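Observations on the model geometry
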Amino acid sequence: KYYLTYTLVFAVFAAVHLSFFFLNGKLPMKASDGLPQDYNAFLYWGDYIRNFFKTLIFEHRFELPAYDSTIGYGADIMLTLHYHVIGDPFYLILALIPRSYLDICFGLVGALRLYLAGLTFSIYALYHKNKEKYVLAGALTYAFSGYLLTVCFTNNMFAMPAIYFPLIVLGIDKEFNK
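Let me sum up the structure you'll find in this document.

About the criteria used
- Residues numbered from 1 in each chain as written.
- Predicted model: local features only at pLDDT ≥ 70, side-chain atom pairs only at ≥ 80, totals over all residues.
- Heavy atoms only, no water.
- Helix = DSSP H or I, 4+ residues; strand = E, 2+ residues; numbered from the N terminus.
- Buried < 20%, exposed > 50% of the residue type's maximum accessible area, 1.4 Å probe, protein only.
- Contact = heavy atoms within 4.5 Å.
- Salt bridge = Lys/Arg side-chain N within 4 Å of Asp/Glu carboxyl O.
- Axes fitted to C-alpha atoms, helices over the stretch in contact; angles between N-to-C directions.
- Left-handed = near helix turned anticlockwise from the far one by under 90°.
- Nonpolar A, V, L, I, M, F, W, Y, C, P; charged D, E, K, R; others polar.
- Core = buried A, V, L, I, M, F, W, Y, C linked by side-chain atoms within 4.5 Å.

A few words on the overall build of the protein chain. Helix and strand content of the protein chain: seven helices and two strands. The order of α-helices and β-strands along the protein chain, N terminus first, is α-α-β-β-α-α-α-α-α. The burial tally for the protein chain puts 40% of its 178 residues in the buried class. Across the protein chain, contacts joining residues at least 24 apart in sequence account for 70% of those joining residues at least 6 apart.

Written as structure tokens, this is what we have:
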């Protein structure tokens, strides 16, 4: 029951927050590093994954290009993208989404990170038997903090520690409590 309530209240909060951007035809993205680095890496990685699977399925070749002269001054693909997108489980969905929808997907991945941050906070707080109404308020405050709202839509890989931290502390608490 709690998780359904959290999901519904989160959806309302996220819809209100994101509607200002989408109704004006904008992305919730800042031009500092979000657009020239993260978003471009996001687009490139989507093309890279789709091309890999297209080559594998239709041409029956296992081909992972390692160097691309169009990245900056020309660079090793894995070294360039490992910081931004490679290894991020949220970006595996890029294989299924056409490039024309990746701008919307970028914003939705940011919203998903917000949701999971609040969800993992809830898991930790409920483990300590806090009252659900206080956990809900804390989870929403945690998920919609200024820091997470900024990083989820600019340098969204920086939101991952907010998702992992409650789980790490929960694991430590469980280890101490045995």
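Attention now goes to the pattern of salt bridges. Between side chains of opposite charge, a pair can form as their charged atoms come close. The final tally for this structure, using the stated rule, is six salt bridges. Of the charged contacts, one joins Asp47 and Arg99 as a salt bridge, the two residues approaching to 2.2 Å between their closest N and O atoms. Of this pair, Asp47 sits in helix H2 (residues 34-58) while Arg99 sits in the loop between helix H3 (77-81) and helix H4 (102-127), placing them 52 residues apart in sequence. For Arg99, a relative accessible area of 42% puts it in the partly exposed group. Beyond isolated ion pairs, a larger network of salt bridges with shared partners links Asp47, Arg50 and Arg99.

So, about the packing of H4 against helix H5 (residues 132-143). The interhelical angle for the contact between H4 and H5, taken along N-to-C directions, is 145°, at an axis separation of 8 Å. Crossing hand, H4 versus H5: right-handed. Here Leu114, Ala117, Gly118, Phe121, Ser122, Ala125 and Leu126 of H4 lie close against H5, whose contacting residues are Glu132, Val135, Gly138, Ala139, Tyr142 and Ala143. When grouped by side-chain class, the residues that make up the contact of H4 with H5 number nine nonpolar, three polar and one charged.

Take the nonpolar core next. Formed by 45 residues in total, the largest nonpolar core has its most connected members in Tyr6, Phe10, Phe42, Trp45 and Tyr91. Elements with a contribution of two residues or more to this core: helix H1 (2-23), H2, H3, H4, H5, helix H6 (146-151) and helix H7 (160-177). Ranked by the residues each element gives to this core, the list is headed by H4, at ten residues. Discounting residues that sit within four places of it in the chain, Phe10 has contacts with Ala111, Leu114, Tyr115, Leu140, Ala143 and Phe144.

Now for the packing of H1 against H4. At a closest axis distance of 11 Å, the pairing of H1 and H4 adopts a crossing angle of 145°. Crossing geometry of H1 relative to H4 is assigned as right-handed. On the side of H1, the interface is formed by Tyr2, Tyr3, Tyr6, Thr7, Phe10 and Leu18, while H4 contributes Ala111, Leu114, Tyr115, Gly118, Leu119, Ser122, Ile123 and Leu126. Class assignment of the residues belonging to the contact of H1 with H4 gives a composition of eleven nonpolar, three polar and no charged.

Treat this as a map of the structure, not an account of what it does.
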